[in-house]
Amino acid sequence: MHYVSTRATSASAARNPQRFSDILLAGLAPDGGLYLPASYPQVSGAELDAWRQLSYADLAYEILRKFATDIPDADLRALTAKTYTPEVYRNARADEPAQDITPLRVLEDGAAGKLVLQALSNGPTLAFKDMAMQLLGNLFEYALAKNDEELNIFGATSGDTGSAAEYAMRGKRGVRVFMLSPHAKMSAFQTAQMFSLQDPNIFNIAVEGVFDNCQDLVKAVSNDLAFKARHKIGTVNSINWARVVAQVVYYFRGYLAATTDNAQKVSFTVPSGNFGNICAGHIARMMGLPIDRLVAATNENDVLDEFFRTGVYRVRKPAETYHTSSPSMDISKASNFERFVYELVGRDAERTHALFRKVETDGGFDLSGAPGSDGDEWKLVERYGFASGRSTHADRLATIRDVADDYGITIDTHTADGVKVAREHMRPGVTMIVLETALAAKFNETILEALGSDAARPPGFEGIEALPQRFTVMRPEVEAVKAFIAAHTGL
Ligand SMILES: *Cc1c(COP(=O)(O)O)cnc(C)c1O
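Quick notes on the rules
Residues numbered from 1 in each chain as written. Predicted model: local features only at pLDDT ≥ 70, side-chain atom pairs only at ≥ 80, totals over all residues. Heavy atoms only, no water. Helix = DSSP H or I, 4+ residues; strand = E, 2+ residues; numbered from the N terminus. Rg over C-alpha atoms; globule rule 2.2 N^0.38 Å. Contact = heavy atoms within 4.5 Å. Axes fitted to C-alpha atoms, helices over the stretch in contact; angles between N-to-C directions. Parallel < 35°, antiparallel > 145°, perpendicular 65-115°, else oblique. Left-handed = near helix turned anticlockwise from the far one by under 90°. Nonpolar A, V, L, I, M, F, W, Y, C, P; charged D, E, K, R; others polar. Near = heavy atom within 4 Å. Polar contact = N/O pair within 3.5 Å; in protein donor to acceptor, adjacent residues only side chain to side chain. Areas by Shrake-Rupley, 256 points an atom, 1.4 Å probe, with all protein chains shown as cover. Expected span 1.5 Å × (residues − 1). Buried < 20%, exposed > 50% of the residue type's maximum accessible area, 1.4 Å probe, protein only. Arc of directions from axis to C-beta.

(A) Structural context of the overall build of the chain. Within the chain one finds 19 helices and 15 strands. For 491 residues, the compact-globule formula gives about 23 Å, and the C-alpha radius of gyration of the chain, at 22 Å, lands near that figure. When its C-alpha atoms are laid out on the principal axes, the chain stretches across 65 × 60 × 50 Å. Considering only residue pairs separated by 6 or more positions, the chain has 75% of its internal contacts joining residues 24 or more positions apart.

Structure representation (structure tokens):
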């Protein structure tokens, strides 16, 4: 198994074959593209049948070994066994079997079809990003130890990604995390989650400014190639291939848990921002998983919904990017979308590159097939099984109330976007699985608004705001950030 960039010519890809371990610690390919496997491994019906009996960890092993062919099987089995345990994914609701790792819950089973929730948020930070990030932490530690290397992860966060990265990397040998966040701008819960970590390899930097200042600092440091190389700076953003592939596993798991034989089809509705999560669903489908439809649910930041409805991909300007009550989906462009567009244009790297150059110069492209458009591949979206919908703050409040009234559980705001859109795409005879991407406790302000009472917190999170916090406040100055990193890497 080797990997190609979405922008690589076939000649350059052939000259420079990449293995899983080569791209594990990489972000973008050097040509600015994203990595994908040269072809998708196929899963047979017999294999799928055999996988029905497996634990989550064993299923993860079976799927990952098809992609990480350069990691010895025994090592991969140990890594997945260590990652997907009920102890790590311990924040299951009281009536959920924690050993399932991503337990399913039937919400309704009526004339309109069956609606099921798949809980992906039972990990340490109560959001689905733990599903991939926890594996990444173990894979990084393994790969770094093997090569006797070190890595300093540097990033900016407005909430979910930073905490998932810190909880995945805490205490890992060879890895340090330097995470910028806007000082006093995150929710009290999110701040406490990150800043209460006392591990000596985790560094929280609270920047006096907003999230954009943090991102500018990351860009400025990343552009200093000499500094980056000397201090072994890397990232764990959502375009990392290993994160995407770890997410493929729970689509298989959801399918197998919701069906009894492989003639049945299911659909998934995925609360979407950067297109990482749903991209993993697309890959599962390309591997042969019988998925009927993949439905992208967006909030008011509806770049993706617009594309799937019209064929026009139009990235938003900062002023058109709204701060919503499902903040982890507040994106102006979808950083993983290039992976799907590459497939849509028949894996034509030159065409892909041209389209994304147009995103830089003209703010988007149009594949609707209308006169003057850039192509007509949007017509294939249906064949790829994609659909979409959007949701608003009022929809979220109404959906959170409905689900609490009808089924007695409190869902978070992102999952509410998913449930709202899923209901518009149900089909009799096809189970619709909504991916639950966070637990309600993380977004309590909106739960309070919707229900008039607080979201329940999983055991162990009761008083986290009162724990001692460890962080450094800094002005938004590149030299100050660099000096801090240099002082703590000892390189
Ligand atoms: C990151 C995130 C999303 C969006 O996932 P993408 O992979 O960026 O599409 C949705 N919900 C929650 C809670 C998240 O943290």
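This is not the end of the story, as more comes after the structure.
(B) Seen up close, the packing of helix α4 (residues 56–67) against helix α11 (residues 241–258). For the pair α4 and α11, interaxial distance at closest approach is 9 Å and the crossing angle is 130°. Judged by the angle between their axes, α4 and α11 are oblique. For the element pair α4 and α11, the recorded crossing hand is right-handed. Of α11, the residues touching α4 (which contributes Y56, L59, A60, I63, L64 and F67) are W241, V245, V248, V249, Y250, F252, R253 and L256. The class makeup of the residues in the contact of α4 with α11 is 13 nonpolar, no polar and 1 charged.

(C) Inspection of the site of the ligand at higher detail. In the vicinity of the ligand lie 15 residues, with K129, D160, G273, N274 and N277 positioned nearest. In the environment of the ligand, an oxygen atom lies 2.8 Å from a nitrogen or oxygen atom belonging to the backbone of G273. Backbone polar atom of N277 to an oxygen atom of the ligand: 2.9 Å apart, as the coordinates give it. When isolated, the ligand has an accessible area of 390 Å², and the protein chains bury 97% of it. Among the residues making up the shell around the ligand, the classes are represented as 5 nonpolar, 8 polar and 2 charged.

(D) Focus on helix α19 (residues 478–489). Helix length check: α19 (12 residues) gives 17 Å between terminal C-alpha atoms against 16 Å at 1.5 Å per residue, within 8%. If you check which residues of α19 are buried, you get V481, K482, F484, I485 and T489. For α19, the angular spread of buried residues about the axis comes to 160°, placing them on one side. In α19, the exposed positions angled more than 90 degrees off the buried face are occupied by E479 and A487.

Structural measurements only, silent on function.
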